[in-house]
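Structure at a glance
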Amino acid sequence: MSSVEFRKDLFADERDDNLQEIGKPTRRQDILGHVTGRSPYYDDHLFDGLLHMRCVRSPHHHARIRSIDTSQAERMPGVVRVVLARDVPNNLNTLLSLINFGKDEEKLIQDTKVAYAGEPVAAIIAETEGQAREACAAVRVDYEVLPHVLDPEASLKPDAPVVNEVYPNNTFDYHDLYDHQKLRFGDVEKGFSEADHIVEGEYQMSPIEQAPIETCGAIAAPETNDRFVCYTSTQALFFSLGTTAKLLNMPSSRLHFVGGTVGGGFGGKVDSIVEPLSVLGAVLTGRPVKFMWDRAEEMQVGAPRGAERWRIKDGVARDGRILARTFTGFFDAGAYTRLSSYAIIKCTGHIPGPYSIPNVASNVYCVFTNRTPATAMRGFGITGVDFAIECHVDKVAETVGLNPIELRILNAYRDGDMKPHRRLAKNTALIECCQVASQKSGWAISADAARQSSLTGGGGTRAVIPESITDSVGRIGERRRADVPTEPGAGAPSRGRVAAGTQGIPIVAAAPQDEDMITDPARMGFRHAPAVSQPPRTAPSVPVPPVAAASAAPPSAAPPAGQQSAPPPQPVAPQPSAPQPAAPQAPTAASDPAPAPYKPEQPFSRGVKRPGVSRFLSGSRRR
Amino acid sequence: MTKKPVQFQLNGSPVAVFADEGQNLLDLLRRGVGDLSPKYGCGQGTCGSCTVIIDGEPRLSCLTLAETAEGQHVETTNGLSNGPDLHALQEAFMENFAAQCGYCTPGMLMAAKALLDRTPRPSREEIVEAISGNICRCTGYEPIIDAILAASGQPTRRTG
């Protein structure tokens, strides 16, 4: 039973499959609580003897902390406890360490160096919020102000100050291998040389604050069973629980987290900053402690959607086909990683947008600057690059003098096309969206464009992973804060033609892991994705991809008009005498119809040891 | 810290509490009285989620000194329904998908009720004006306007 069928079976009594819901309001499950004012947001839990916590925050973008003097604050009326970095049991974390991604780099409370304005250096717990505020103002911190950097490209210069000592290049290091995310598909230089126009553009997006009406906060209190309850505004309850357990060096079984009623989140409530501090306050005082950001904090230190800068270069044929596209992207992560490393992986998987372009390359950098750390916000990683792509497509249309909707239909991806991240496109609908948009807006398109369909014209030669040019620019160990070009292909120390994939390892295209992930043959036109990168059908020394050699047009730029559903690509039986590609794994895999679906050796219910999963998330720390 | 007794009518019932010096009405209602329906959003009078009705006028409780409620009639969303019987505005908000996260809803309801108490059949422009001090960040203004139209027995975008 596939998971979809299982879901239908389990929730059969809740709704039928006839989801004709668009265009009419639906009564929400939680609406009664909302209209009666009884929905239990975290701040709606009352406790006797509630204490209030506030943070002392850095006024500087970048400064070394010489000393922190809290003696005056401790004597202020109502002050119960001053919390410093030394009170945090395990004061170093990175959010995604719970899935073993990235190095611990951010302190809950800073004691050596602040890297953004608003970074907490101490916290005060007092009887009232006003007393906590007054005591915060009485804490004396001696800063040695350091030079700061606020622009991601300035941050990549060799003389830029180091924002975050864990990453001395000011870039997030991916898998200790590269200082950026690299995407290589085909040969962009060849695409540019065949193009009639080169269209370049630079696009930039400012940070955006999520600005939920309910500010971030949490209330923690000791329970009677040696546990701590935490009511929180979090959007990621188990992430917050795991992060709190790690920072406080406490088994997660001692934490009782209650959430789920969120007064607006939009991504800004996943960073798990308020929960560890409020639980720490409850641990240190033995009393209920509320840590709630006020509006000014929400706007200043609430992690926003990060700033992005994009440079796009397109090689375009006279008829509007985009033959090659390169991206250089800079994500401003702020002072610490939070979720920016992941945003870059998302956007690299998204490149080059919903278009089939035969040659694509991108370098995307996750750059540290002395700005507020950035995090999730509604489609983060995708929104900025999509904005840049669509602006750029309009620019391309203007350059070649084509209707921008027709240009999009001409270059749109179709079901069965290979995307540059080596997954086949399915359920594509850009063409249909463009057709509806032209109707609704009264923006006429040609009869030919109106006849196109995402269901036909894809696949075939467009499903092939081309030979791809790679380079080793940005390899960790080589690029140590050197002023090297960041564009894909520029300044490459070594260039070579290697088989498809990265690091010479052939990529298995979209191996189905579960029944309902298997491609629907009726929709895709063939039973399985080409299981491996196709071996080059000509000798690898010939510097032209085989498909391009057969016809003058690049593979995926074949005119869609008149094409019917593409026939299934026949796997080319490798000739024993033909030269093999660099990684000769293809013959066995190509004759194998499909890899066996992954099945765990024993059911998960019996506690499978999953490598790479944090002990703070699993039950292994339960005593 | 000096405390001052304050007596007022809350949703038709008499209330007597001690207010701290400088305490705002929002805090007094939530912590002192235990009426949690007005919400803290900004504390600066910009978001409207703390809106209550004082003597028939919509007021921002975060900017209202608690002592000034002395002898006045305060209405909150908590008192909008009559037991299990919901107010027409509440029904309309439910049916027109006029809330997502729900955090701005109590303030919106109070702003809308103050309008309908004065103007039983407001125009669309009057509704927009009446809720212009209330921010909804889940972007639900059109359904909210529809809900207020529906509550006053007028056609909405959907029904009209």
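Rules of the game
Residues numbered from 1 in each chain as written. Chains lettered and ligands numbered in written order. Predicted model: local features only at pLDDT ≥ 70, side-chain atom pairs only at ≥ 80, totals over all residues. Helix = DSSP H or I, 4+ residues; strand = E, 2+ residues; numbered from the N terminus. Rg over C-alpha atoms; globule rule 2.2 N^0.38 Å. Buried ≥ 20, exposed ≤ 12 C-beta atoms within 10 Å, placed from the backbone. Contact = placed C-beta atoms within 7 Å. Pairing = 2+ DSSP bridges. Axes fitted to C-alpha atoms, helices over the stretch in contact; angles between N-to-C directions. Expected span 1.5 Å × (residues − 1). Arc of directions from axis to C-beta. Nonpolar A, V, L, I, M, F, W, Y, C, P; charged D, E, K, R; others polar. Parallel < 35°, antiparallel > 145°, perpendicular 65-115°, else oblique. Left-handed = near helix turned anticlockwise from the far one by under 90°. pLDDT = per-residue confidence, 0-100.

**Some points on the overall build of chain B**
Within chain B one finds 5 helices and 5 strands. Taken from the N to the C terminus, the helices and strands of chain B come in the order β-β-α-β-β-β-α-α-α-α. Against the compact-globule benchmark of 15 Å for 160 residues, chain B has a radius of gyration of 16 Å, which places it among compact chains. For chain B, the spread of C-alpha atoms along the principal axes amounts to about 55 × 30 × 25 Å. Looking at chain B as a whole, 51% of its 160 residues qualify as buried.

**Re the overall build of chain A**
Assigned secondary structure in chain A consists of 17 helices and 17 strands. Within chain A, the proportion of its 623 residues that are buried is 47%. If you take every contact in chain A between residues at least 6 apart in sequence, the share linking residues at least 24 apart comes to 80%.

**Section: the sheet that holds strand E1 (residues 3-10) of chain B**
Residues and elements named next belong to chain B. A sheet is described by the order of its strands in space; here 5 strands give the open sequence E2-E1-E5-E3-E4, paired in mixed fashion. Edge positions in the open sheet fall to strand E2 (13-20) and strand E4 (57-60), since each of these has one partner strand only. Neighbour-to-neighbour, the strand axes of this sheet turn through a mean angle of 45 degrees, independent of strand direction. The sheet contact formed by E1 and strand E5 (residues 73-75) spans 2 bridges and is parallel. Within E5, the position partnered with Leu10 by the bridge is Val74. In this fold helix H1 (residues 25-33) packs onto E1 and E2, with an angle of close to 105 degrees to the strand it touches most, E2. This element, helix H3 (residues 105-118), spans strand E3 (51-54) and E4 of the sheet and lies at about 35 degrees to E3.

**As for helix H13 (residues 430-441) of chain A**
All names here are of chain A. With 12 residues, H13 ought to run about 16 Å at 1.5 Å a step, and its terminal C-alpha atoms sit 16 Å apart, in line with that. Restricting attention to buried positions, one finds in H13 the residues Ile431, Cys434 and Ser438. Viewed along the axis of H13, the buried residues span an arc of 60 degrees, placing them on a single side of the element. Away from its buried face, by an angle of more than 90 degrees, H13 presents the exposed residues Val436, Gln439 and Lys440. Against helix H12 (404-411) lie the buried residues of H13. Positive phi appears at Gly442, one or two residues downstream of H13, with a value of about 70 degrees.

**Side note on the sheet that holds strand E6 (residues 140-145) of chain A**
All names here are of chain A. On the basis of which strands lie adjacent, the open sheet formed by 3 strands has the order E4-E2-E6 and antiparallel pairing. The open sheet is flanked by strand E4 (113-114) and E6, the only strands paired with a single partner. Examined bridge by bridge, strand E2 (residues 63-69) and E6 share 6 bridges and lie antiparallel to one another. Bridged to Ile68 within E6 is Val141.

**A closer look at the interface of chain A and chain B**
Contact with chain A, which involves 25 residues of that partner, is made by 32 residues of chain B. Broken down by element, the residue count for the side of chain A that touches chain B peaks at 5 residues, all from helix H2 (residues 31-36) of chain A. A class-by-class count of the residues in the side of chain A that touches chain B yields 9 nonpolar, 8 polar and 8 charged.

**Some remarks on the environment of His256 of chain A**
Residues and elements named next belong to chain A. The residue His256 is located in strand E11 (residues 255-258) in this model. Under the C-beta neighbour-count criterion, His256 is labelled partly exposed, with 16 such atoms within 10 Å. Sequence-wise, His256 and Gly102 are 154 residues apart; in three dimensions their C-alpha atoms are separated by 27 Å. Not counting chain neighbours up to four residues away, the residues in contact with His256 comprise Glu223, Arg227, Phe228, Val229 and Cys230.

**Regarding the packing of helix H11 (residues 383-400) of chain A against H12 of chain A**
Residue and element names in this part refer to chain A. Orientation of H11 relative to H12, taken along the N-to-C sense of each, is 110 degrees, at an axis distance of 9 Å. Between H11 and H12, the crossing angle belongs to the class labelled roughly perpendicular. Taking contact as the criterion, the partners of Val393, Asp394, Val396 and Ala397 in H11 are, on H12, Pro404, Leu407 and Arg408.

**Thoughts on the pairing of E1 of chain B**
Residues and elements named next belong to chain B. As paired elements, E1 and E2 share 8 bridges and run antiparallel to each other. Residue pairing across strands places Leu10 opposite Ser13, the latter belonging to E2. Hairpin geometry of E1 and E2 is characterised by an intervening segment of 2 residues between the two adjacent antiparallel strands and by a positive phi of about 50 degrees at Asn11.

**What about the packing of helix H2 (residues 88-95) of chain B against helix H5 (residues 141-151) of chain B?**
Residue and element names in this part refer to chain B. Contact geometry for H2 and H5: axes closest at 8 Å, N-to-C directions at 135 degrees. As summarised for this structure, H2 and H5 are arranged oblique, according to the angle between their axes. Here H2 runs over H5; the crossing is right-handed. For the pair H2 and H5, the contacting residues are Ala88, Leu89, Ala92 and Phe93 in the first and Ala147, Ile148, Ala150 and Ala151 in the second.

**Digging into the pairing of strand E10 (residues 228-232) of chain A**
Residues and elements named next belong to chain A. Of all 5 residues in E10, 4 are buried, a share of seventy percent or more. Both strand E9 (residues 217-222) and E10 contribute to a ladder of 5 bridges, which runs antiparallel. The partner of Ile219 across the bridge, within E10, is Tyr231. Between E9 and E10, which pair antiparallel in sequence order, lie 5 residues; one of them, Asp226, sits at a positive phi of approximately 65 degrees.

**Some remarks on the environment of Thr461 of chain A**
Assignment of secondary structure puts Thr461 of chain A in the loop between helix H14 (447-451) and strand E16 (468-470). Linking Thr461 of chain A and Cys366 of chain A, residues 95 residues apart in sequence, is a C-alpha distance of 34 Å.

**Examining the confidence of the model for chain B**
Mean pLDDT over chain B: 95, with 99% of residues reaching 70 or higher. Predicted complex, confidence summary: ipTM 0.97, pTM 0.81.

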